[in-house]
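# Structural overview
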Amino acid sequence: MCGIIGYSGYRPAVPLLVEGLHRLEYRGYDSSGVAFDVLDRINVIKAEGKLSNLEAKLDSEMTLLATTGIGHTRWATHGLPVERNAHPHLSQDGAIAIVHNGIIENFQQLKDELTAKGHTFLSDTDTEVLAHLIGEERLSAPTLLDAFAAALRRAHGAYAVVLLSPEEHGVLYAARMSAPLLLGVGAGECFIGSDIPAFLPYTRDVVFLSDGEIVRVENESWEVFGLESLESRTSAKSVTRIAWDMHAAAKDGFKHFMLKEIMEQPRVIKDCLTGRLTGYGVDRRVSLPELDGLPVPSRLHIVACGTSYNAGLWGRQLIERMGGIPVDVDIASEFRYRDPILRPDEMVLVISQSGETADTLAALQLARGKGCRVIGLCNVVGSSIARESDVVLYTQAGPEISVASTKAMCSQMTLLALIALYFGQRRSPAVCDPSLLEALEALSGRLQEELPLMNERAKQLAEKFARTRGFFYLGRGCCEALAYEGALKLKEISYIHAEGYAAGEMKHGPIALVDSDFSSFALALDDDLFPKVKSNIQEILARRGRVIALVQRRGTGMAPRIEAEEVWELPASHPVAAGFLALPALQLFSYHVADYLGNDVDQPRNLAKSVTVE
Ligand code: AGP
């Protein structure tokens, strides 16, 4: 997820671009850049790191002459967050500059084709390949718009892209496919942005672009075309007046970043799967080229902290059952000090959203010191853990702003499911569980449908249980890890004491805590262990404990009969996909309890987003 902005009008463009990028920094902040055309030449200025590093380079008078320009703040998905990979990127002849948000899935094939034609590339990014492709198409296309459209038709994947060229001074072209892009229409000027905050102080009049549309902008005039045949679509577009204030706009209208990020999970699953599934039908397979150069480990040690540890615990059974590999899961702060026995044919998989967690980094360094290969599973490209791992798999979840980790765990679970299937394929290439792959690919749409209902139900229950003395979260099998995660979420943002427990452990002591003022959240999903969890719920009810039972409807559409103070029904699903439905339910319940109690949901007390100290 990156932030892009364009401006065409009567004011100096660069200051407006930088101001807009500051308001888009929550979409990514590991490098940034601007391009503007002055005296028929494109000027590109970029910087690694925070936006202030870019501003330090924009001191020349030149930057105040241009009234058309494009800008970008990056969340790296291809290529390290270094200056050469920062946007904007140029065509081979330097006559076209673009900024891009999204992932061009077939960029390598296009890059090979262009290289064979003599193109040379300065960066590792998919975006530069697109810029070169547009330039190559321009050699034969009648107009710049034709060249832009021809290149986009060949680019597979997600993109929101803005193009600048001195060939049409003062004009910007932009297009979108499965990535947000909208037009801000002002008096004598137009803005193009990934999101409303980019230009909200200058105009509230917005035209939302749809997938497969290209817009041409020159000062206050704009025209919309269909990508396939460049037919005019301007008359079908309407201008919407935005009522949000700046604060709300950065959260896309959500009250907190946490709620926004929970609701982003359908996109996160889709982005995490992008480029990692090949073939069709019975030949559909998982592709993780990062792992192709590694042997299949004799044992896998998953090491992480907090939510990432819970994700690893969830993935263990999958990797053992589908990948055929024995798996241990360790908390990093314990692993690093217990001098673990690691053999050269084993591997360590470290999971970290930030890629900077001190204990996890130390565990990685310990493993490598013992001659063990390390696979990193990170969300931040170029982070310490990513750089020190032997190979790294990126979760591509976009920046996670809220301290409580939500969409990161969803992306980690998605990647762990792919890893399980991948190692299963390595063991017996002909085998790949088609039902799980189908379920994973359908998840994004399923979750998109379910989340609004889940949100309402979570709010209802939160108001009813917010004053409880304490909570058990109970689960068995894959739900044990989800129980730990549900308890962690409630603790860290509502400050109510909550413990995740393997449901079968209740009778070994913890059940002494149960009384009419103590609540339990029991995960009784549609799996073989349902009857056991149902009995555990009975044990709690017999002691007058309060119970929320999270259950799943069966294929028949009916949920199982279960006694509890509240029964929360989720839709039927593949057993593995059930975890992706239960996770947001747990997240939303905690969110609404904390919001109901008036807590600072995004910045809970005592916590930091990344624990870079022991
Ligand atoms: C989870 O909501 C917390 N923010 C925390 O437990 C977090 O998951 C943990 O600190 C690990 O962070 P990492 O994934 O960035 O390594």
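Here, residues in each chain are numbered from 1, in the same order as that chain's written sequence. This being a predicted model, a pLDDT of at least 70 is required before a residue's local features are given, and a value of 80 or more before pairs of side-chain atoms are given or counted; all residues contribute to the totals for chains, interfaces and linings. Hydrogens and waters are ignored; side-chain quantities use all the structure's heavy atoms.

### Some words on the overall build of the protein chain
In terms of helices and strands, the protein chain carries 18 helices and 26 strands. For the protein chain, the spread of C-alpha atoms along the principal axes amounts to about 80 × 55 × 50 Å. In this analysis, two residues are considered to be in contact whenever any of their non-hydrogen atoms come within 4.5 Å of each other. Across the protein chain, the fraction of contacts at a sequence separation of at least 24, relative to all contacts at a separation of at least 6, is 71%. With an accessible surface of roughly 22700 Å², the protein chain has 52% of that area assigned to carbon and sulfur atoms. Charged-residue counts in this description rest on Lys and Arg as positive and Asp and Glu as negative, His and the chain ends being excluded. Taken as the charge centre is NZ of Lys, CZ of Arg, CG of Asp or CD of Glu, depending on the residue. Each charge class in the protein chain can be summarised by its mean position, and for the 61 positive and 78 negative side chains these summaries are 6 Å apart. Helix and strand assignments come from DSSP, with helices taken as H or I runs of at least 4 residues and strands as E runs of at least 2, each series counted from the N terminus. Here the accessible surface of atoms and residues is derived via Shrake-Rupley with a 1.4 Å probe, and residues count as covered only by protein chains that are part of the display.

### Details of the sheet that holds strand S12 (residues 213-218)
Pairing between two strands is assigned when DSSP locates at least 2 bridges connecting them. The strand order S5-S6-S7-S8-S12-S13 describes an open sheet built from six strands, whose pairing is antiparallel. With partners counted over all chains shown, the strands left at the sheet margins are strand S5 (89-90) and strand S13 (221-226), one partner each. Relative to strand S7 (residues 157-164), strand S6 (residues 97-104) runs antiparallel, the two being bridged by eight bridges. For Ala97, the partnering residue across the bridge sits in S7 and is Leu164. Lying over the sheet, helix H5 (residues 144-154) contacts S7, strand S8 (171-177), S12 and S13, oriented at roughly 20° with respect to S8. To define axes, lines are fitted to C-alpha atoms, for helices over the stretch in contact only, and angles between the resulting N-to-C directions are given on a 0 to 180 degree scale.

### Regarding helix H3 (residues 107-116)
One turn of the α-helix equals 3.6 residues, which is why residues spaced by three or four share an orientation. Partly exposed residues are those whose accessible area sits between 20% and 50% of the maximum for their type, while under 20% is buried and over 50% is exposed, using a 1.4 Å probe and protein chains only. Among the residues making up H3, those that are buried are Phe107, Leu110, Lys111 and Leu114. For H3, the buried positions fall inside an angular range of 100° around the axis, keeping them on one side. As for H3, its buried residues are in contact with S6, helix H4 (126-138) and H5. The directions from the helix axis to the C-beta atoms form the arc being described.

### Comments concerning the pairing of S12
Counting buried positions along S12 yields five of six residues, so the element is predominantly enclosed. Examined bridge by bridge, S8 and S12 share six bridges and lie antiparallel to one another. Pairing of Leu172 across the sheet is with Val217, part of S12. Summarising the sheet, S12 and S13 pair through six bridges and their orientation is antiparallel. Directly across from Glu213, in S13, lies its bridge partner Gly226. Connecting S12 to the antiparallel partner S13 that follows it, the hairpin turn spans two residues, and Asn219 within it adopts a positive phi of roughly 55°.

### Side note on the pairing of strand S22 (residues 470-475)
Of all six residues that make up S22, six are buried, and the element is covered over most of its length. Covered by surrounding structure in S22 are Gly470, Phe472 and Leu474 together with Phe471, Tyr473 and Gly475, the residues of both alternating faces. Bridging between S22 and strand S24 (residues 518-524) involves five bridges; their strand directions are parallel. Residue pairing in the sheet places Leu474 in a bridge with Ala522 of S24. Where S22 meets strand S23 (residues 498-502), five bridges bridge the pair, whose relative direction is parallel. Paired with Leu474 across the two strands is Tyr501, which belongs to S23. In this fold, the crossover linking S22 to S23 by way of helix H16 (residues 478-494) has right-handed handedness. Look down the strands so they point away from you; if the path from the first strand over the helix to the second goes clockwise, the crossover is right-handed.

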